[in-house]
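Topology and contacts: notes
Residue-level listing of the chains:
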Amino acid sequence: ISYGRFHHDYPAADIFCPVGSDFVAVTSGVVAFVSREDVWDSKVNDGATRGGLSVAIIGDDGLRYYGSHLSAVADGIAPGVRVEMGQLLGLTGKSGDAAVTNSHLHFGISHPTTPDDWATRRGEIPPYTYLKSWQSGKDLSPALSQ
């Protein structure tokens, strides 16, 4: 996998990885949003559908964690379902506007908001520091760092 320190125009990370890589919960929490249908259309380019197949959870730390451009959402993942850290949420892919890019997981961290608030859901807190910490086995919480 690879990801950069910065996203192109808002705080998020594109984690480049092969199609079908596991997308797991970075913390325990409750599923807040699921999109199981890829309805993105490049002619319309609606921000609300840009993520394609996607999942968001509200972590026990009170923050929203969002992953999009999935190729599949895991069985049993639905709004209101409790998930544990490390639990499979879906498989990475090229859905939404990632259909024309290299396979990646769009990963965003934000405060909880309504399911239709795609602009917040896509990311408000730069995740790079946390991704690096988690990758090295450390338990750094964005909620404690804000």
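Anyway, here's the lowdown on the structure attached to this text. Residue indices begin from 1 for each chain and proceed along its sequence in written order. In keeping with the predicted nature of the model, local features appear solely for residues at pLDDT of at least 70, side-chain atom pairs appear and are counted solely at 80 or more, and the whole-chain, interface and lining totals rest on all residues. For side-chain calculations, the full set of non-hydrogen atoms in the structure is used, while hydrogens and water are omitted.

1. Remarks on the layout of surface pockets
Rule in force here: The rule is simple: put a 1 Å grid over the protein atoms alone, call a set of points where a 1.4 Å probe fits but cannot get out a cavity, call an open set with protein on both sides within 12 Å along at least five of seven lines a pocket, and count a residue as lining if it has an atom within 4 Å of a point. Grid points are joined across faces, edges and corners, and a volume is the space filled by probe spheres set on the points. Only DSSP runs of H or I covering at least 4 residues are called helices, and only runs of E covering at least 2 are called strands; the numbering of each starts at the N terminus. Residue classes follow a fixed rule: Ala, Val, Leu, Ile, Met, Phe, Trp, Tyr, Cys and Pro count as nonpolar, while Asp, Glu, Lys and Arg count as charged, and any other residue, Gly among them, counts as polar.
Taken as a whole, the largest pocket encloses approximately 350 Å³ of empty space. Residue lining of the largest pocket: 16 residues in total, with Ile 1, Ile 15, Val 26, Leu 105 and Leu 131 positioned closest to the centre. Contributing elements (two or more residues each) for the lining of the largest pocket: β2 (22-24), β8 (104-110) and α2 (128-135). The residue inventory of the lining of the largest pocket, partitioned by class, reads 12 nonpolar, three polar and one charged. What the second largest pocket holds in volume is close to 290 Å³. Taken together, 20 residues make up the lining of the second largest pocket; nearest its centre are Tyr 10, Arg 50, His 69, Asp 97 and His 106. Sorting the residues of the lining of the second largest pocket by element identifies β5 (64-73), β8 and α1 (118-121) as the ones contributing at least two each. Among the elements that make up the lining of the second largest pocket, the one with the highest residue count is β5 (three residues).

2. Let's talk about empty space enclosed by the protein
Under the definition given, this model contains one cavity of 30 Å³ or more. What the largest cavity holds in volume is close to 40 Å³. Every residue lining the largest cavity is listed: Phe 23, Val 24, Ala 25, Val 26, Ile 57, Tyr 65, Tyr 66, Gly 67, Leu 89 and Phe 107. When contributions to the lining of the largest cavity are tallied by element, the ones reaching two or more residues are β2 and β5. Examining the composition of the lining of the largest cavity, we find that three residues originate from one element, β5, more than from any other. The residue inventory of the lining of the largest cavity, partitioned by class, reads nine nonpolar, one polar and no charged.

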